[in-house]
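Residues per chain, in single letters:
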Amino acid sequence: MKLTLRVWRQQNAAAEGAMSTYEVDGISSDMSFLEMLDTLNEELILKGEDPVAFDHDCREGICGACSLVINGDAHGPERTTTCQLHMRSFKDGDTIDIEPWRAAAFPVVKDLVVDRSAFDRIIQAGGYVTAPTGAAPEAHATPVPKADADFAFEHAECIGCGACVAACPNGAAMLFTSAKINHLNVLPQGAPERESRVLDMVAQMDEEGFGGCTLTGECATACPKGIPLVSITSMNKEWLRATRKSGRR
Amino acid sequence: MTASAEYSDYATGAPVVDTKAPQGPINERWDTRRFEAKLVNPANRRKHTVIVVGTGLAGGSAGATLAEQGYHVVQFCYQDSPRRAHSIAAQGGINAAKNYRNDGDSIHRLFYDTVKGGDFRARESNVHRLAQISVEIIDQCVAQGVPFAREYGGLLDTRSFGGVQVSRTFYARGQTGQQLLLGAYQALSRQIAAGTIEMHPRTEMLDLIVVDGRARGIVARDLITGRIDTYFADAVVLASGGYGNVFYLSTNAMNSNATAIWRAHRRGAYFANPCFTQIHPTCIPRTGDHQSKLTLMSESLRNDGRIWVPKAKGDDRPPNQIPEDERDYYLERIYPSFGNLVPRDIASRAAKNVCDEGRGVGPGGQGVYLDFADAIRRMGRAKVEEKYGNLFDMYERITAENPYEVPMRIYPAVHYTMGGLWVDYDLQTTIPGLFAIGEANFSDHGANRLGASALMQGLADGYFVLPSTINDYLARNPHHDEVTAEHPVVQELLAETEDRLHTLLAIDGDRTPDSFHRELGELMWEFCGMARTDAGLRKALERIPQIREEFWRRIKVPGTGEEFNQSLEKANRIVDYLELAELMCLDALHRAESCGGHFREESQTPDGEAARQDDKFSYAAAWEFTGTGEAPTLHKEDLVFEYVHPTQRSYA
């Protein structure tokens with residue numbers, strides 16, 4: 001198939017960006033979206049032009065590196081990561097807009113690549129269990145009800161791609177933050193740090209410049225791993241509980 | 001860059017000996033070593049800097065643990081976040097000899113299975129230690145909040161994996177690697193927040209600094225600004241993963257690369273068993289020339305899926321129209337006791353054989369069916385969905401076929417490299433102060449890795465082995481002399497690195513980095529893949545220097561070095577693949593036996609099975625670099641088997 005691509009080009013964080021138009025031909029419907037961009041880049045290199053920069057790594061939908069807004073949707077029209085999107089979701093002759101994640105807390109590095117280090121800092125604020133190596137008790141010492149283990153897993157599936165932030169009209173990181181809090185707070189291993197975790201992570205989230213949540217639900221719609229919107233409600237409950245219990249905010 | 005007279009030349013040097021493994025009963029060796037190793041006073045640890053390259057299971061767990069112990073850790077990853085290292089993509093599970101199933105498992109059995117699975121080309125001492133530590137890993141990960149699959153009673157669930165007859169694989173649906181990696185990443189994050197780890201994401205190691213024979217730092221490039229900098233330490237730990245991307249198409253992440261280990265090899269670290277690569281039997285077949293990578297379907301699928309091809313050649317009916325008696329469930333037929341759960345190398349080779357016979361399915365006949373119809377009939381679709389749902393979804397997204405209704409198509413693909421930097425029992429390379437952990441080293445998997453053993457080894461090395469053994473080195477080598485960027489050795493290294501990148505940018509030829517990578521990969525897959533011959537390997541050894549010569553003449557890298565430049569990153573990694581590939585072929589050529597994942601056509605039994613040759617090749621081949629295109633020197637480490645006696649593997 002033949003496609004027209006309108007791609008966000010921006011030399012670096014300080015430069016002005018703009019959309020540039022490219023034509024690609026001979027695209028197979030079995031190609032992944034990123035393989036289609038590989039094809040464009042091979043042509044650009046041979047023409048002596050700067051290829052389009054985009055983040056990608058595992059191309060299996062699990063590392064969370066890929067991050068494109070395609071025709072206005074984070075990760076494009078299917079509910080999956082950009083790397084698992086295939087060209088069979090498009091038609092011959094389509095015009096496709098390709099942009100980076102747009103959020104104040106995710107500054108553009110180059111073209112379609114953004115800086116998501118704010119997510120790392122949110123985890124550093126409390127998204128862990130303090131369990132130094134060697135200090136662990138026998139694994140079966142504390143049984144965990146299957147329902148709780150499944151709930152934890154469902155939230156632990158977050159790949160930290162940032163689609164939730166990109167999709168949110170407020171640029172909020174509530175879904176990402178709540179996923180980690182819910183994963184750890186439901187488990188007995190996470191209980192001792194339950195209050196400090198939610199208070200510290202939420203405070204860090206605010207400090208990073210993410211917006212507030214108005215429960216539009218765009219985040220959960222865009223999430224390639226299906227983290228549910230109620231995850232945010234659970235976090236709010238945890239936060240309220242923690243503020244009451246600790247007197248902190 | 002002159003080639004030697006014969007591409008297959010090499011010299012044989014003195015044997016290499018592991019001087020760190022203690023003698024005595026095997027189950028006491030690790031305790032003995034830990035007791036004999038010198039310790040560093042906790043108050044002195046913060047004065048020692050340790051560089052860790054990579055943040056996967058091995059690097060992430062090592063960085064976190066060293067920092068917890070009080071060392072000053074400076075850590076690097078090329079990804080934008082340490083959470084994205086490729087360990088995250090491991091699906092199936094992690095082995096541990098917990099014997100929670102009361103099915104006859106034990107540390108000794110895990111040790112035995114791993115030595116046998118590795119086709120008797122791994123070191124007994126190392127493997128036994130791995131089996132011992134396996135039980136602690138599960139405890140550690142559970143304490144971190146890793147959400148392993150559980151039974152209704154709240155206890156941990158396990159499943160079986162290829163090559164074993166017990167159920168010792170712990171898992172978190174099909175995302176075990178992700179959950180274990182996030183556990184390590186979170187432990188790492190805790191230390192970053194505490195200020196004990198200085199983390200450098202989007203920074204790639206380009207060379208190793210060796211001063212007075214000791215590893216003292218690295219040269220690394222900031223991938224955003226392009227700035228090349230030097231970093232110094234008392235010891236350097238490489239946890240940079242494997243080199244499967246030399247084949248271009250593999251299940252590795254696109255940016256996984258061999259640069260860190262290859263540069264260390266060029267600086268004096270021996271590279272062991274480079275030809276030992278694992279071809280994984282259950283990957284999604286390729287669809288065309290545009291293919292950029294291959295996707296693995298977890299081996300756990302072989303627990304319930306049945307592998308078959310049509311009995312007749314060229315049978316192109318849709319699979320559901322082929323009656324039962326016209327199907328060949330070839331693994332169940334040839335290996336009745338292990339059936340679909342034979343080790344990976346055997347399953348891969350059998351798939352290749354039936355496809356070579358013309359009985360392959362799908363485009364180009366490069367595929368076999370993995371069928372869940374019986375499993376769905378037996379346990380119901382809901383149960384299959386619970387066990388494998390995410391894998392089925394992934395398969396459907398990639399192929400647009402529904403595996404609940406149509407059998408999956410699978411074909412082998414490069415997945416893991418057992419070879420790597422040679423290390424002793426302490427995981428130290430032949431350069432003092434340089435350690436290699438996880439897939440970057442060669443030590444535990446011999447010629448074939450069993451399923452769910454990579455996660456076990458990465459975490460064993462990072463959480464438990466290295467943090468004990470590195471003490472001994474640091475205690476014995478307090479570096480009072482400071483190395484700085486002004487040191488002539490460092491200046492020379494920096495100049496060499498900058499020069500290499502400038503050259504790549506200046507050639508301005510007419511071929512893209514990918515075009516060279518693809519060409520090299522196809523050559524390697526053909527001649528150094530699942531089945532190898534003397535003639536084929538010689539052909540590859542003749543061709544690789546030609547590709548290398550063409551690369552340095554025709555490569556085109558746009559842009560500059562002082563910016564975010566993914567083409568430059570790629571081209572620079574290919575420089576190293578073009579050298580490593582040659583060593584892999586040479587190693588494969590010299591090892592004229594079939595062994596593990598490596599089938600040598602000249603070495604087979606009368607009925608076509610792999611014939612290992614213990615009288616000639618019961619050693620690890622550790623190669624010393626002598627120059628690009630120059631004949632390397634082979635140092636043999638003889639393997640001694642005191643506990644598991646080498647036999648021809650039988651899974652029949």
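Computed from a predicted structure; not experimentally measured.

Student: When you look at the pairing of strand S11 (residues 235-238) of chain B in this model, what are you seeing that I'm missing?
Tutor: Both faces of the sheet carry side chains from a regular strand, because those side chains alternate between them. Residue and element names in this part refer to chain B. Neither face of S11 is left uncovered, since the one carrying Ala235 and Val237 and the one carrying Val236 and Leu238 both have all their residues buried. As judged from the four bridges shared by strand S2 (residues 49-53) and S11, these two strands associate in the parallel manner. Along S11, the bridge assignment pairs Val53 with Leu238. Bridge count between S11 and strand S19 (residues 434-436): three bridges; the pairing is parallel. Counted as the bridge partner of Val236 is Leu434 from S19.

Student: Quick question: what am I supposed to make of the interface of chain A and chain B here?
Tutor: How big an interface is tends to be stated in terms of accessible area lost as the parts join. Counting from both sides, the interface comprises 66 residues of chain A and, opposite them, 60 residues of chain B. For the side of chain A that touches chain B, the elements supplying multiple residues, two or more each, are helix H1 (33-46), strand S6 (108-110), helix H2 (117-124), helix H3 (146-156) and helix H5 (174-185) of chain A. Considering each element in turn, the side of chain A that touches chain B owes the most residues, seven residues, to H1 of chain A. Looking at side-chain class alone, the side of chain A that touches chain B contains 31 nonpolar, 18 polar and 17 charged residues.

Student: Help me understand the UniProt feature "domain: FAD-dependent oxidoreductase 2 FAD-binding" (unreviewed entry) in chain B, please; the structure alone is not making it clear to me.
Tutor: Here the UniProt-annotated "domain: FAD-dependent oxidoreductase 2 FAD-binding" (unreviewed entry) positions come out as residues 50-455 of chain B. What you have in residues 50-455 of chain B is 29% helix and 20% strand, and the ends, taken at the C-alpha atoms, are 23 Å apart.

Student: It is not clear to me how the sheet that holds strand S18 (residues 420-421) of chain B should be interpreted in this structure. Could you clarify?
Tutor: Pairing between sheet strands relies on hydrogen bonds along the backbone, with the strands arranged either parallel or antiparallel. Residue and element names in this part refer to chain B. A sheet is described by the order of its strands in space; here five strands give the open sequence S1-S23-S22-S12-S18, paired in mixed fashion. Edge strands, defined here as strands with exactly one partner in the open sheet, are strand S1 (11-12) and S18. Judged from the two bridges that link them, strand S12 (residues 271-272) and strand S22 (residues 619-624) form a sheet pairing that is antiparallel. Among the inter-strand pairings, Ala272 is bridged to a residue of S22, identified as Ala622.

Student: Mind showing me how you'd approach the domain arrangement of chain B here?
Tutor: Residue and element names in this part refer to chain B. For chain B, the assigned domains are domain 1 (21-277 + 416-476), domain 2 (280-415) and domain 3 (488-620). Tallying the contact residues gives five residues for domain 2 and five residues for domain 3. Here the residues of the side of domain 2 that touches domain 3 are counted per class, giving one nonpolar, one polar and three charged.

Conventions and cut-offs
- Residues numbered from 1 in each chain as written.
- Chains lettered and ligands numbered in written order.
- Predicted model: local features only at pLDDT ≥ 70, side-chain atom pairs only at ≥ 80, totals over all residues.
- Buried ≥ 20, exposed ≤ 12 C-beta atoms within 10 Å, placed from the backbone.
- Helix = DSSP H or I, 4+ residues; strand = E, 2+ residues; numbered from the N terminus.
- Pairing = 2+ DSSP bridges.
- Contact = placed C-beta atoms within 7 Å.
- Nonpolar A, V, L, I, M, F, W, Y, C, P; charged D, E, K, R; others polar.
- UniProt positions renumbered as here; feature names shortened; annotations may be inferred.
- Domains from an automatic or database assignment.

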